[in-house]
Amino acid sequence: MKTVLISGAGVAGPALAYWLHHHGFRPTVVERAPSLRAGGHAVDVRGTALDVIDRMGLTGPLRDARTEMRGMSMLDADGVEIMRSTEMALSSGRLDSDDVEVLREDLSGMLADLTRPYTRYLFGDSVTALEQGDDDVRVTFGHAAPETFDLVVGADGLHSTVRRLAFGPEERYLHHLGAYVGVFTAPNFLGLDRWQVWLRTANVGYGIYSARGNTEIRANLGFESGPLDYDRHDVDAQRTLVEQQLTGVGWETPRLLAAMWQADDFYFDAMAQTRMDRWSAGRVTLLGDAGYCPSPLSGQGTSLALVGAYVLADALARAGGDHRAGFARYEQRMRGFVTVNQALATENPGGPPSEESAEAAKSAIALDDLDALAE
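Structure report, in brief. Everything quoted here is computed from the prediction, not taken from an experiment.

Contact geometry for helix α1 (residues 12-22) and helix α9 (residues 301-318): axes closest at 8 Å, N-to-C directions at 30°. When the axis of α1 is compared with that of α9, the two are roughly parallel. Crossing hand, α1 versus α9: right-handed. For the pair α1 and α9, the contacting residues are Ala12, Ala15, Leu16, Trp19 and Leu20 in the first and Ala305, Leu306, Ala309, Tyr310, Leu312, Ala313 and Leu316 in the second.

Quick look at the structure:
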């Protein structure tokens with residue numbers, strides 16, 4: 001039984017662990033955080049990714065966890081409502097579609113729970129070195145003793161450590177899209193009832209929506225900017241950047257900024273894409289944002305991770321032990337799907353992609369077609 005180390009316990013990592021076990025591999029997942037990460041924005045599961053969820057037996061739990069938004073309002077810089085809709089929401093698209101919007105932590109939690117019986121999880125640790133041999137990869141961890149694995153998969157996000165160790169500095173692969181966003185949880189001091197509120201000025205803005213039975217809100221505070229030099233591990237410095245950009249914006253901005261300083265799940269990063277000519281190097285490959293992040297502007301990062309996990313495990317299984325052939329098949333099948341979904345983020349700068357483009361992109365790959373090609 002081949003052993004596979006997966007770095008990252010978000011969405012992509014546990015999803016891959018499920019499909020690898022399904023095909024007879026033995027997965028181990030290492031995660032830098034001490035436990036599953038709480039907080040984060042709502043994510044969408046769309047198109048072919050819903051087929052993957054269905055094959056995992058999670059359609060019911062996923063739909064039970066959906067955010068159930070009733071609609072949205074758009075405000076000007078003074079907080080005056082300029083548009084209202086009960087047909088769509090910026091975070092999730094049309095409310096009558098088959099797409100499912102859930103909180104990221106809910107999806108990662110159900111994937112982790114599903115895979116715990118047969119997956120070893122190493123929390124509070126990370127990969128620090130990779131030494132590839134002809135038959136395996138020797139992995140050095142920050143805390144645990146070194147181990148050897150047949151394969152290693154980086155599913156560790158936009159700033160992937162595995163990608164850096166196997167492919168080089170992230171500056172070669174990350175493409176900045178001209179904006180930053182800070183995400184956090186706060187009490188629902190606005191009294192939102194399954195509702196989203198979006199405010200935008202010339203170059204800053206935010207989206208707020210209720211969650212957890214309207215007991216809390218998730219806030220996304222963003223601003224346009226070229227690449228910034230900041231310490232990714234200094235959370236207070238990141239909060240200061242957001243505060244500097246949004247100070248002076250009207251409506252509830254002062255209360256939101258105050259809540260941001262109190263939030264223990266604050267997350268800040270650039271809107272960026274990962275673009276690479278290849279996703280594999282020897283016995284190491286990349287999955288999800290580590291290899292092909294489309295950015296939150298596309299609305300398709302989670303779906304790419306879920307579909308990628310299915311395709312990667314299937315390709316390795318059909319390769320009969322030849323990881324080179326498996327990695328090549330994985331990339332050949334996924335590359336077009338990634339390309340069309342990454343294009344969504346740049347189709348309409350400053351706004352969402354067209355409904356037609358989003359509909360076409362989310363089902364630009366079909367699991368049944370892949371299965372037929374492999375037979």
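Here His23 is to be found in the loop between α1 and β2 (26-31). Assessed through its relative accessible area of 29%, His23 is described here as partly exposed. The spacing of His23 and Thr247 is 224 residues in sequence and 53 Å in space, taken between C-alpha atoms. Residues in contact with His23, not counting those within four places in the same chain, are Ala313, Asp314 and Ala317.

What follows is about the environment of Gly301. For Gly301, the position within the fold is in helix α9. For the pair Gly301 and Ala12, spaced 289 residues apart in sequence, the C-alpha to C-alpha distance is 9.7 Å. Filtering out sequence-adjacent residues up to four positions away, Gly301 remains in contact with Asp289 and Pro294.

What follows is about the sheet that holds strand β18 (residues 267-274). Each strand in a sheet pairs with another by means of backbone hydrogen bonds, the pair being arranged parallel or else antiparallel. Read from one edge of the open sheet, 7 strands run β5-β4-β15-β16-β17-β14-β18, paired in mixed fashion. Only two strands of the sheet have a single neighbouring strand rather than two, namely β5 (81-85) and β18. Each adjacent strand pair in this sheet contributes to an overall mean axis angle of 20°, direction not counted. Sheet topology note: the strand β4 (residues 71-75)/β5 ladder contains 4 bridges and is antiparallel. Directly across from Met74, in β5, lies its bridge partner Met83. The sheet strands contacting helix α6 (residues 235-246) are β16 (204-211), β17 (216-224) and β18, and the helix crosses β17 at an angle near 75°.

Glancing now at α9. The first and last C-alpha atoms of α9 sit 26 Å apart over 18 residues, in line with the 26 Å expected at 1.5 Å per residue. Counting buried residues along α9, 15 of its 18 residues qualify, which places the element largely inside the surrounding structure. At the C-terminal side of α9, Gly320 shows a positive phi close to 60°.

Attention now moves to the side chain of Arg218. Here Arg218 shows up in strand β17. Polar contacts involving the side chain of Arg218 include one to the side chain of Thr185, which spans 3.0 Å. Of the polar contacts made by the side chain of Arg218, one reaches the side chain of Glu216; its length is 2.8 Å. Not counting the four nearest positions on each side in its chain, Arg218 is found in contact with Gly39, Gly40, Leu103, Glu105, Phe184, Thr185, Gly207, Ile208, Tyr209, Ala211 and Arg212.

Let us look at the packing of aromatic side chains. Tallied over the entire structure, the rule returns 11 aromatic pairs. Geometrically, the ring pair formed by Tyr180 and Phe268 is stacked, given 5.5 Å between the ring centres and 5° between the ring planes. Note that Tyr180 is positioned in strand β14 (residues 174-187) and Phe268 in strand β18, a separation of 88 residues in sequence. Each member of the pair Tyr180 and Phe268 is classed as buried. Taking the centre distance of 5.6 Å and the plane angle of 55° together, the rings of Trp279 and Tyr330 count as tilted. Of this pair, Trp279 sits in the loop between β18 and β19 (280-281) while Tyr330 is found in helix α10 (residues 323-342), placing the two residues 51 residues apart along the sequence. Tyr330 shares its class with Trp279; the two are buried. These aromatic residues form a ring-pair network of at least three members: Tyr180, Phe223, Tyr230 and Phe268. Across from the ring centre of Tyr121, 5.6 Å away, lies the NZ or CZ of Arg116, which sits over that ring.

We now examine the sheet that holds strand β11 (residues 137-141). Within the open sheet, the 3 strands sit side by side as β10-β11-β12. Their pairing is antiparallel. Looking at which strands have only one partner, the edges of the open sheet turn out to be β10 (127-132) and β12 (147-149). The mean inter-strand angle of the sheet, taken between neighbouring strand axes irrespective of direction, is 30°. Bridging between β11 and β12 involves 3 bridges; their strand directions are antiparallel. Bridged to Val137 within β12 is Phe149.

What follows is about the pattern of salt bridges. Inspection of every chain in the model, using the stated rule, returns 21 salt bridges. Two residues, Arg218 and Glu216, come together in a salt bridge whose shortest N-O distance is 2.8 Å. Notably, a salt bridge pairs Arg318 with Asp314, separated by 3.0 Å at the nearest N-O pair. In this pair, Arg318 and Asp314 are both assigned in helix α9, 4 residues apart and thus about one turn of the helix distant. With a relative accessible area of 36%, Arg318 lands in the partly exposed category. Each of the salt bridges in this network shares a partner with another, and the network as a whole consists of Asp44, Arg46, Asp99, Glu359 and Lys362.

Turning next to the environment of Ala263. Checked against the element boundaries, Ala263 lands in the loop between α7 (253-262) and β18. In this structure Ala263 touches Phe184, Thr185 and Arg239, once residues within four positions along its chain are discounted.

Rules of the game
Residues numbered from 1 in each chain as written. Predicted model: local features only at pLDDT ≥ 70, side-chain atom pairs only at ≥ 80, totals over all residues. Heavy atoms only, no water. Axes fitted to C-alpha atoms, helices over the stretch in contact; angles between N-to-C directions. Helix = DSSP H or I, 4+ residues; strand = E, 2+ residues; numbered from the N terminus. Parallel < 35°, antiparallel > 145°, perpendicular 65-115°, else oblique. Left-handed = near helix turned anticlockwise from the far one by under 90°. Contact = heavy atoms within 4.5 Å. Buried < 20%, exposed > 50% of the residue type's maximum accessible area, 1.4 Å probe, protein only. Pairing = 2+ DSSP bridges. Expected span 1.5 Å × (residues − 1). Polar contact = N/O pair within 3.5 Å; in protein donor to acceptor, adjacent residues only side chain to side chain. Phe/Tyr/Trp six-rings, centres within 6.5 Å; stacked < 30°, edge-to-face > 60°. Lys NZ or Arg CZ within 6 Å of the ring centre and 35° of its normal. Salt bridge = Lys/Arg side-chain N within 4 Å of Asp/Glu carboxyl O.

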